[in-house]
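Structure at a glance
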Amino acid sequence: MGKATGFLEYERKDGEVVKPSVRTQNFLEFHKSLSYKEQQLQGARCMACGIPFCQAGAMLAGMASGCPLHNLVPETNDLVYKGKWEQAYKRLSTTHPLPEFTSRVCPALCENACTCGLNEAPVSTKENEKAIVEYAYENGLVKPDVPAVRTGKKIAIIGSGPSGLSAAIMLNKRGHEVTVYERSDRAGGLLRYGIPNMKLDKRVIDRRIKIMEESGIKFVYNVNVGKDITGEELLKEYDRVLICTGASNPRDIKAPGRDAKGIMFAVDFLKEVTKTLIDGGYDSEALISRNTFSFGTVKGKHVYVIGGGDTGNDCVGTCMRLGAASVKQIEMMPKPPVERALNNPWPEWPKILKTDYGQEEVIDKFGEDPRIYTTTVKEFIKDKNGKLKAIKIVKLKSEKDEKTGRMNMVPIEGTEEEVKADIVLIAAGFLGSEEYVRNTFKVECNERTNIKTAEGFYKTSEDRVFAAGDARRGQSLVVWAIAEGRRAAGEIDYSLMGYTNL
Ligand SMILES: Cc1cc2nc3c(=O)[nH]c(=O)nc-3n(C[C@H](O)[C@H](O)[C@H](O)COP(=O)(O)OP(=O)(O)OC[C@H]3O[C@@H](n4cnc5c(N)ncnc54)[C@H](O)[C@@H]3O)c2cc1C
Ligand code: SF4
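Every residue gets a number counted from 1 within its own chain, in the order that chain's sequence is written. The lettering of chains begins at A and the numbering of ligands begins at 1, in the order of writing. The predicted origin of the model limits local features to residues at a pLDDT of at least 70 and limits the giving and counting of side-chain atom pairs to 80 or more, whereas totals for whole chains, interfaces and linings rest on all residues. Side-chain descriptors were evaluated using all non-hydrogen atoms of the structure, hydrogens and water having been removed beforehand.

Structural notes on the packing of helix H3 (residues 36-44) against helix H8 (residues 125-138)
A pair of packed helices can be characterised by two numbers: the angle between their axes and the separation between those axes. Rules: In this analysis, axes come from line fits to C-alpha atoms, helices being fitted only over the stretch in contact, and the angle between any two N-to-C directions falls in the range 0 to 180 degrees. To qualify as a helix, a DSSP run of H or I must reach at least 4 residues; to qualify as a strand, a run of E must reach at least 2; elements of each kind are numbered from the N terminus. Note on angle classes: values under 35 degrees are labelled roughly parallel, values over 145 roughly antiparallel, values of 65 to 115 roughly perpendicular, and the remainder oblique. Put simply, a crossing is left-handed when the front helix is turned counterclockwise from the back one by less than a right angle, and right-handed when it is turned clockwise. Here a residue-residue contact requires only that any non-hydrogen atoms of the pair lie within 4.5 Å. Following the grouping adopted for this structure description, the nonpolar residues are Ala, Val, Leu, Ile, Met, Phe, Trp, Tyr, Cys and Pro, the charged ones are Asp, Glu, Lys and Arg, and the polar ones are all others, Gly among them.
Contact pair H3 / H8: the axes reach a minimum separation of 10 Å and the direction vectors enclose 140 degrees. Classified by the angle their axes make, H3 and H8 are oblique. Considering the relative orientation of H3 and H8, their crossing is left-handed. Here Tyr36, Gln39, Gln42 and Gly43 of H3 lie close against H8, whose contacting residues are Glu127, Asn128, Ala131, Glu134, Tyr135 and Glu138. Split by residue class, the contact of H3 with H8 holds 3 nonpolar, 4 polar and 3 charged.

Right, here's the structure in full:
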């Protein structure tokens, strides 16, 4: 509960954020931490409200309110306030196997449901979480967890994103022998090759993978399950398989000229930039000055990002670091309200305008918000060499479909405009799990092509095959992936042992 009067005595204070003009000179994390002493006062602001929606993770109006992992937020805040960092880490670890990731990239569903946040700044639970886990690493509390007894059961996890890592930790802790198969060259999934380094330094992932390996978890890289090895072969070798392959099927923009050179899917772009950074020993200044990728250079180019969401914002921030001449972001939907609408009350997730780091950087450099709302691309225009030189954009309006009764965004005739564009990055969302992965395990999918399980369960239509994370729930959040991995581990353990304590 923190200090009963703490919220009256102490204002919210966040760690320093490096200013846009400085942070865009490199790819380093730019959210600094408070000192541990200062952080204790932030723990003190937790007010013993008695209704901790922050840890409920309840679904309200179709969206989660509070932490999906059910982190014991008031308890850990109290331990932070009292400076009992080791106990705080133990408490956090009871619900959360990977806090170093969420404390950097989570949109903090807990804080949006915090009672203190009803009429003033919420408790800084996310930064408290970061202080706890970083204290734990600094003080040798995050140790390999080698089980005293092995069960003799073998489990294959396909995919090393946050859901796969979370499940691997839990199942290994229980004594099962866990092997993680990853088609990429390094572990982490979208933590590694989606979320850019300035939001999550990739050495934070390496630090965790080392501990996982020392705990007995095996990682097999560069193996594409469904292509290099079949589901049948894996099911012969393993007692259970958990599919954690994500929802990496990008939604395309089907407009004339789509084959122009200079158009790329957002995650392919972000992956190439991050891989170049890691392969170059994290020398971000060398990356910025070299600035050569398979699609050419970003320096001096006019970039349009299609999609106004978080992935689009990560592309904006990356292009700002790579010296783009201009960066714009096209969004189909209207601009959200600045404050909560009456039909979106606390503690529901607030559907309000959020200006993220990349957008802030554009505003700082070019003086205006990069987002262009209620707009889409009608045509990609090529030069005589097939290179993108411009795009035709068109305004949209909301119109009711008489047949379905649904509201659709439709083009407004006569609003077309041609604008100069050298690079287009498509960040228009994802379409679900990949077909070859579903086929190799013969698992059913739902109408959104997510792998089908009963609601609240993780077993697929196939015996001994389970699914978790984005592959099961569709493109979501790191905190949900970790929560799903943990719960799926419990279900797998139960199916093997007849009971579970996970
Ligand atoms: C650009 C971007 C930025 C994001 N930023 C945030 C953020 O700031 N905060 C947040 O909470 N969420 C964010 N998200 C969402 C978040 O990253 C995902 O919800 C989360 O990573 C899903 O975890 P996962 O383990 O289910 O799948 P993934 O992270 O997608 O991992 C799946 C893994 O499976 C591997 N794989 C796939 N198929 C095979 C196969 N056949 N054989 C072997 N391996 C395979 C892939 O290579 C990958 O490593 C972001 C997403 C994107 C795209
Ligand atoms: S994981 Fe996210 S929602 Fe849960 S307590 Fe941490 S920051 Fe909050």
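Focus on the sheet that holds strand S5 (residues 218-220)
Definition in use: DSSP calls a pair of strands paired once it identifies at least 2 bridges connecting them.
Taken in spatial order, the 5 strands line up as S5-S4-S3-S6-S16 in an open sheet, and their pairing is parallel. Across the chains shown, the open sheet's two edge strands, defined by having one partner strand only, are S5 and strand S16 (465-467). Ignoring strand direction, the axes of neighbouring strands in this sheet form an average angle of 20 degrees. Packing of helix H19 (residues 478-497) onto the sheet brings it into contact with strand S3 (154-158), strand S6 (240-243) and S16, and relative to S6 it is tilted by some 165 degrees.

So, the site of ligand 2
Applied cut-off: Note on terminology: near, applied to a residue and a molecule or strand, indicates that one of the residue's heavy atoms is within 4 Å of it.
Looking at ligand 2, the residues that line it are Cys67, Asn71, Thr102, Cys106, Ala108, Leu109, Cys110, Lys126, Glu129 and Val479. When contributions to the shell around ligand 2 are tallied by element, the ones reaching two or more residues are helix H7 (109-112) and H8. Here the residues of the shell around ligand 2 are counted per class, giving 6 nonpolar, 2 polar and 2 charged.

Some thoughts on unusual backbone geometry
Here the residue pair Trp346 and Pro347 is connected by a cis peptide bond, since its omega of 5 degrees sits within 30 degrees of zero. Among the secondary structure elements, Pro347 is positioned in the loop between strand S9 (326-330) and helix H16 (357-366). Of note, the phi angle at Lys442 is positive, near 55 degrees, even though the residue is not glycine. In this structure, Lys442 sits in the loop between helix H17 (435-441) and S16. Within the chain, Arg464 stands out as a residue other than glycine whose phi angle is a positive 70 degrees.

A short note on the domain arrangement of the protein
A common way to report how large an interface is uses the accessible area buried once the components associate. Here is the rule we go by: Each domain's extent was defined by an automatic or database domain assignment. Put simply, buried area is the surface a 1.4 Å probe can reach on two separate parts but cannot reach once they are joined, added for both. Only one rule defines a salt bridge in this text: a Lys or Arg side-chain nitrogen within 4 Å of an Asp or Glu carboxyl oxygen. Between N or O atoms, a polar contact is any pair within 3.5 Å; within protein, one atom must be a potential hydrogen donor and the other a potential acceptor, and residues adjacent in sequence are included only when both atoms are from side chains.
If you check the domain split of the protein, you get domain 1 (6-138), domain 2 (154-248 + 431-497) and domain 3 (263-426). Relative to domain 3, the C-alpha centre of domain 1 lies at a distance of 30 Å. On the side of domain 3, 21 residues touch domain 1, which itself brings 22 residues to the contact. If you sort the residues of domain 1 by the area they bury against domain 3, Thr24, Phe27 and Asn112 come out on top, with a joint share of 36%. Summed over the shared surface of domain 1 and domain 3, the number is 2 salt bridges. With its nearest N and O atoms 2.6 Å apart, the salt bridge here joins Glu361 to Arg23. Inspection of the domain 1/domain 3 interface yields 7 residue pairs in polar contact (both at pLDDT 80 or more). For the side of domain 1 that touches domain 3, the secondary-structure elements that each account for two or more residues are helix H2 (20-23), strand S2 (63-65) and H7. Here the residues of the side of domain 1 that touches domain 3 sort into 14 nonpolar, 7 polar and 1 charged.

Let's talk about the site of ligand 1
Stated precisely, the cut-off is as follows: Using a 1.4 Å probe, the Shrake-Rupley method yields the accessible areas, and only the shown protein chains count as cover for residues.
Close contacts around ligand 1 come from 36 residues, with Val105, Ser163, Glu182, Val225 and Asp470 the closest. Contacts to ligand 1 include Leu190, whose backbone N or O atom sits 2.9 Å from an oxygen atom. Between ligand 1 and Lys199, the relevant distance is 2.9 Å, taken from an oxygen atom to a side-chain nitrogen or oxygen of the residue. A total of 1,000 Å² of accessible area belongs to ligand 1 in isolation, and the protein chains cover 95% of it. Among the elements of the structure, helix H9 (162-173), helix H13 (266-279), helix H15 (310-321), H17 and H19 are those that each provide at least two residues to the shell around ligand 1. Of the residues belonging to the shell around ligand 1, the class tally is 18 nonpolar, 13 polar and 5 charged. Both domain 2 (154-248 + 431-497) and domain 3 (263-426) contribute no fewer than three residues apiece to the shell around ligand 1.

Quick look at the pattern of salt bridges
Just so we agree on the cut-off: Exposure categories follow from relative accessible area, calculated using a 1.4 Å probe and restricted to protein chains: below 20% of the type maximum is buried, above 50% is exposed, and the middle band is partly exposed.
A complete count under the given rule lists 41 salt bridges for this structure. A salt bridge links Asp259 to Lys382, with the shortest nitrogen-to-oxygen separation between them at 2.8 Å. Taken together, the positions of Asp259 in the loop between S6 and strand S7 (263-265) and Lys382 in strand S11 (residues 375-382) put the pair 123 residues apart, joining distant regions of the chain. A residue is classified by how much of its surface remains accessible, and Asp259, at 60% relative accessible area, is exposed. Relative accessible area serves as the criterion here: at 34%, Lys382 is assigned to the partly exposed category. A cluster of three or more residues bridged by salt bridges with shared partners is formed by Arg23, Arg321, Glu360 and Glu361.

A short note on the packing of helix H5 (residues 85-95) against H8
At a minimum axis distance of 9 Å, the contact between H5 and H8 shows a crossing angle of 110 degrees. In terms of orientation, H5 lies roughly perpendicular with respect to H8. Taking contact as the criterion, the partners of Trp85, Glu86, Ala88, Tyr89 and Leu92 in H5 are, on H8, Glu129, Ala131, Ile132, Tyr135 and Ala136. Residue classes in the contact of H5 with H8 are distributed as 8 nonpolar, no polar and 2 charged.

Points about the nonpolar core
Note that soluble globular proteins tend to have their nonpolar side chains buried in a common cluster. As a reminder of what qualifies: For our purposes a nonpolar core is just a set of buried Ala, Val, Leu, Ile, Met, Phe, Trp, Tyr and Cys residues, chained together by side-chain atoms within 4.5 Å.
Ranked by size, the top nonpolar core spans 42 residues in total, and within it Phe101, Ile157, Leu200, Met212, Phe219 and Leu242 carry the most contacts. Residue assignment for this core shows that the elements contributing at least two residues are helix H6 (99-105), S3, H9, strand S4 (177-181), helix H11 (202-214) and H19. Per-element tally for this core: the top contributor is H19, with 9 residues. Among the domains, domain 1 (6-138) and domain 2 (154-248 + 431-497) are the pair contributing at least three residues each to this core. Core analysis: the next-biggest nonpolar cluster, separate from the first, contains 31 residues, Ala266, Val298, Val303 and Leu425 among them.

A few points about the pairing of strand S13 (residues 407-411)
The sheet contact formed by strand S12 (residues 388-400) and S13 spans 5 bridges and is antiparallel. Each residue of the ladder has a partner; that of Glu399, found in S13, is Asn408. Taking the residues that link successive antiparallel strands as the turn, the S12-S13 hairpin has 6 residues, and the phi of Gly405 there is positive, at about 80 degrees.

Topic: the side chain of Arg438
The line we're drawing: Asp and Glu count as negative and Lys and Arg as positive, but His and the ends of the chain are not part of the count.
Relative to the assigned elements, Arg438 resides in helix H17. At 4.9 Å, Glu435 is the nearest oppositely charged side chain to Arg438, a buried residue that forms no salt bridge. At 2.8 Å, the side chain of Arg438 forms a polar contact with the backbone oxygen of Ser433. In this structure Arg438 touches Ser433, Val443, Cys445, Thr449 and Ile451, once residues within four positions along its chain are discounted.

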